[in-house]
Amino acid sequence: MSSIKLAVEVLDAHELMAKDGEDSSDPFVELRFDRQKFRTTTKDKDLNPVWNEKFYFNITDPSLLHDLTLSAFVYHYKKSNSSRVFLGKVCLTRTSFVPYPDAVALHYPLERRFFFSPFRVSGELGLKVFVTDDPSLRSPNNLFREPSIDSDQFSTHDATLTSSILNMFSRKRNQFRQKYHNVPNSDQEEGEEQPSSPPTGENPTINSGMHEVKSGLAPPKVVGGGYAGSLPLKDRALKEISSFLGVTRFIHGNKLASTYDLVEPMHYLFVRVVKARDLPSNILIGGIDPYVQVKVGNFEGATFHWEKTLDPEWHQVFAFARDDLQSTKLQVRLRDKRTMIKDDIVGTVKFDLHEVPTRIPPNSPLAPEWYRIDKCWDKKKGELMLAVWFGTQADEAFPDAWHSDAPSLGISSSSAYAQIRSKVYHSPRLWYLQVRVIEAQDLYLSEDCEIQISDAYVKLQLGNQILKTRPVQSRNMNLRWDQELMFIAAEPLEEPLIVSVENRVDPDHIETIGIAVIPLTNVYKRADDKVIRTRWYALEDERKDDDDPVSTIHLSVCLEGGYHVFDESNHNYSSDLRPTSRQLWKEPIGILELGILSINGLHPMKTRGGKGTSDTYCVAKYGQKWIRTRTIADSVKPKYNEQYSWEVYDPATVLTVGVFDNVQLGGSDGNDDLKLGKVRIRISTLETGRVYKNSYPLLMLHPSGVKKMAELHLAIRFSCSSMVDMMRMYFKPPLPKMHYKLPLNIRKQERLRQEAVNVVAARFGNAEPPLRKEVVEFMSDTDSHLWSMRRSKANFYRLMTLISGLLSLGGWLEEVCIWKHPLTTLVVHILFVMLVCFPGVIMPAMLLYMFAIGMWNLRFRLRHPPHMSTRISYPDGLSPDELDEEFDTFPTTKSHDTVCLRYDRLRTVAMRIQGLVGDLATQGERFQALVNWRDPHATALFMAFCIVAAIVLYVTPFQFPIVLAGFYIMRHPTFRSKIPSAPLNFFLRLPSLTDSML
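The paragraphs below set out a description of the structure included in this document. Everything numeric in this text was worked out from a predicted model, so none of it was measured.

Section: a nonpolar patch on the surface
Reasoning step 1: A cluster of nonpolar side chains, L823, V827, I830, L831, M834, L835, F838, V841, I842, M843, M846 and L847, forms an exposed patch at the surface whose accessible area comes to about 1,200 Å².
Reasoning step 2: Secondary-structure elements contributing two or more residues to the nonpolar patch are α11 (822-837) and α12 (842-857).
Reasoning step 3: Ranked by residue count, the leading element in the nonpolar patch is α11, at six residues.
Reasoning step 4: With respect to the element layout, L835 can be found in helix α11.

Here's the deal with helix α15 (residues 896-929)
Reasoning step 1: If you check α15, its first and last C-alpha atoms are 47 Å apart, about what 34 residues at 1.5 Å a residue would give, namely 50 Å.
Reasoning step 2: All of the buried residues along α15 are R902, R905, T922, E925, R926 and A929.
Reasoning step 3: Those residues of α15 that are buried lie in contact with α10 (789-817), α14 (880-886), α16 (936-955) and α18 (982-988).

Looking at the side chain of H867
Reasoning step 1: Mapping H867 onto the fold places it in the loop between α12 and α13 (870-873).
Reasoning step 2: Reaching out from H867, the side chain makes a polar contact with the backbone oxygen of P697 at a distance of 2.9 Å.

Some thoughts on the nonpolar core
One recurring pattern in soluble globular proteins is that nonpolar side chains are buried together.
Reasoning step 1: With 70 residues, the main nonpolar core has Y432, L592, L594, W646, L655 and L712 as its most contacted residues.
Reasoning step 2: At seven residues, the largest contribution of residues to this core is made by helix α8 (residues 746-765).
Reasoning step 3: Setting aside chain neighbours within four positions, we find L592 in contact with Y622, Y644, S645, W646, V648, L655, I683, L686, I716, R717 and F718.
Reasoning step 4: If you look at the next biggest cluster of nonpolar residues, it comprises 65 residues, including V29, L87, A516 and I518.

As for the pattern of salt bridges
Reasoning step 1: All told, the structure shown has 50 salt bridges when counted by the stated rule.
Reasoning step 2: With a shortest N-O distance of 2.8 Å, R32 and E30 are connected by a salt bridge.
Reasoning step 3: A relative accessible area of 5% places E30 in the buried class.
Reasoning step 4: Bridged by salt links that share partners, the residues D881, D884, E885, D888, K894, R902 and R905 form one connected network.

A few points about the sheet that holds strand β7 (residues 106-109)
Reasoning step 1: The strand order β4-β1-β8-β7 describes an open sheet built from four strands, whose pairing is antiparallel. The sheet terminates laterally at β4 (50-58) and β7, the two strands that pair on one side only. Within the sheet, the average angular offset between the axes of one strand and its neighbour, ignoring direction, is 30°.
Reasoning step 2: Alignment of strand β1 (residues 5-14) against β4, held across seven bridges, turns out to be antiparallel.

A look at empty space enclosed by the protein
Reasoning step 1: If you walk through the whole model with that rule in mind, you get seven cavities of 30 Å³ or more.
Reasoning step 2: Within this model, the largest cavity holds a volume of roughly 200 Å³.
Reasoning step 3: For the largest cavity, the lining is made up of 18 residues, of which L430, H564, V565, D576 and Q624 are closest to its centre.
Reasoning step 4: Split by residue class, the lining of the largest cavity holds six nonpolar, six polar and six charged.

What counts as what
- Residues numbered from 1 in each chain as written.
- Predicted model: local features only at pLDDT ≥ 70, side-chain atom pairs only at ≥ 80, totals over all residues.
- Heavy atoms only, no water.
- Patch = residues over 30% accessible without salt bridge, like charges linked within 9 Å, V, L, I, M, F, W, Y side chains within 5 Å.
- Areas by Shrake-Rupley, 256 points an atom, 1.4 Å probe, with all protein chains shown as cover.
- Salt bridge = Lys/Arg side-chain N within 4 Å of Asp/Glu carboxyl O.
- Helix = DSSP H or I, 4+ residues; strand = E, 2+ residues; numbered from the N terminus.
- Expected span 1.5 Å × (residues − 1).
- Buried < 20%, exposed > 50% of the residue type's maximum accessible area, 1.4 Å probe, protein only.
- Contact = heavy atoms within 4.5 Å.
- Polar contact = N/O pair within 3.5 Å; in protein donor to acceptor, adjacent residues only side chain to side chain.
- Core = buried A, V, L, I, M, F, W, Y, C linked by side-chain atoms within 4.5 Å.
- Pairing = 2+ DSSP bridges.
- Axes fitted to C-alpha atoms, helices over the stretch in contact; angles between N-to-C directions.
- 1 Å grid on protein atoms, 1.4 Å probe; cavity = no way out; pocket = protein on both sides within 12 Å on 5 of 7 lines; lining within 4 Å.
- Points joined across faces, edges and corners; volume = space filled by probe spheres on them.
- Nonpolar A, V, L, I, M, F, W, Y, C, P; charged D, E, K, R; others polar.

Given below as structure tokens:
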């Protein structure tokens, strides 16, 4: 009988309340979980006690683990009457119950016993909580014995559940998978061998007689595309579409509704070829090389072949689009593979499609049956195990099936066919690895080196990431750097950290003094801002003798779990803001469902067989889950109708959907997949429970301008599990607490973000099918931080749009002041006097005005999610050279004349910015000159004005000078002069620091 336990390690406490009357306490901790209690030892006279005691709770029913609560009560022990005084408590729920590899030490703030308790508490308690299945672990002092459990009550089902509870957390990421798409097992994603793997290296193929394609395709190129500048506004905007979503069938009078209700149903004929038995042998060669050919009309597919076997197994599924079927007969032929001559037909199994059953999930899969082969060499031998049924894309066999809509490419290998399959990817959990290099001692140099260390540094390497400390010089063998470096580490933390101390003897010779290899699985994980423990590591050096002292290096190595590792360019449209440590995750607030329907208006991206065509697929990214639809080859109107879902933890996140043209088909492995555009959808802009069906224009910026590549049809729905929890998210910080307690500088964060993108791209590049690096970079917007004249102008006009309201208000006030409309000016005078006399109505009036504006704008709110705007992006008002500059590499590869031209243009822009910044600094320095006696006469006049104004304001009501100043500003033009006023003249004569600049 297997069992699991909840392990709780009570570490320490900080800044507890003093309760003994002598500014101290005698604290202890009492743990309660699942009707069990444990208690730590009592620490005398200590407000910052340290326990480091472990306790293990038996879990009676593993299925209820997520409904249990761990409570830790901190008490002060009163020796006088053997009683206890409450100091605080900590309550942990299911999100803190994680396996040991994910467990980190956390310090929780102490809470009151009850919400309205009048007694104040303070301090925090350090705990480390994890789940373990080690039966040898026992707690020392159980204060409350749990009721005994009869062995008969512990059923086989409970034992199975107990043994699998530790895997529950790793499977949680797939709990809310797409409604009909079968997510592969995480173990199989790492390359687990499947029973249907072909032994001979050949793989199933699908061929169609309706298409002919030439081999040896040229590198793809964009054949067409419409310029956004020449398109009417309606073609750039988002449009609502009307389509029949979901499947509703009447079968024998019963209405059946499917759960994949965001996509249109697509019907397929599925043929599962399992195995064969008792096959006849070829008399001439003493065996056969069998494979199965499935044919429906002009479409046919074939399995891989076996060599010299009479009982082969294939376990392959073929899917034929029902709308493309031109025949009512299905032929399954068993053939004998021949190299020099035509393949022989061993026998055939035929089906009438009118008699094929229809399967609708969640009905059980159709069981395969044995069928006798007709027209066999030996009439008494030969049977095929097959299953034939009609279904939709909701069928579990759909993702791994060989589809008839991709036969024109002549795909004959698994690597080629892998490029067109759909796939669900999970990005690795990323950690910040912080390394502080402190010092090294007893270093050993070779005899041919100088006595002193000339230029020594520490080189740290983690995978492809290499960082170096600053070089130091010393006359002894003890060096000190005291420098912090950070890396990106990805789970499962297989790559070690390699630390090497090197000495640059001369410009061409670097001597390695010692090397230390640190496995990341043994590195301390931190989720808060507590002090990191340091450690001495031995440096290995093969040149040293056994009698020589051991060289050591002093390091502080830590995996930071309290940060969110950015792998996107801007957290303003990040898809996930959770920290790395799983124990800090909150419960999801809802489910996001996406239906990728189709693409319309797609321009041909390549030429094949003398005509333009495209091989497109879509990629969607949200959080750690990436999805890739199947590639629909040789089509300019592809229909996907695939549905996926994600857990939502924060409404201020963004879903990104990109469309690409698959260039790898046809042997063009050296070229990057073409980008057709992407869509961003912010979750907070979606109404809960509503299905949005829209057509999104795919706009791409090219050196020749903005082009509309196609229109992507999507259906999206956000379902909120708790409206209260979602509203609470708006008042919480968007980033984890560590970003505010120990913030990272912008330069380091940008470097780490680029490293994180590279790590994710490398991991996805090894998947099957691979998600190429250019796709990951495009979805992550890795180049959005680079300089662009278009982005600069767009941001400037965005700023001008924001302050346009203030400018309009200033223009209206100017009209009031010059009495352009006398009646309006008189009304403003009356309102001004009322507000000054009754200042208590100013804030309510402003809030009511804001409320009125919001309710007025309610009528004009968007009925669909916002989309990328060419007006805001400002692509139309640029010269061709400015557009070409945006696509230049960094560093530049342009000619000298082009670089000089762009440099001069940049200097012109910088000159204007320089003048604006200088004017702002001048006005600020004039304000400082009022009191810093730079101009003694002006400062003396200002001091005299201040003392007189203070006396006048003291003896007069405050409303009087305000009304007087308002009337003076709004005085009639008769009393105005074009000459500047005296206060303005005084301010303009104040000195600045401009005359002190070179």
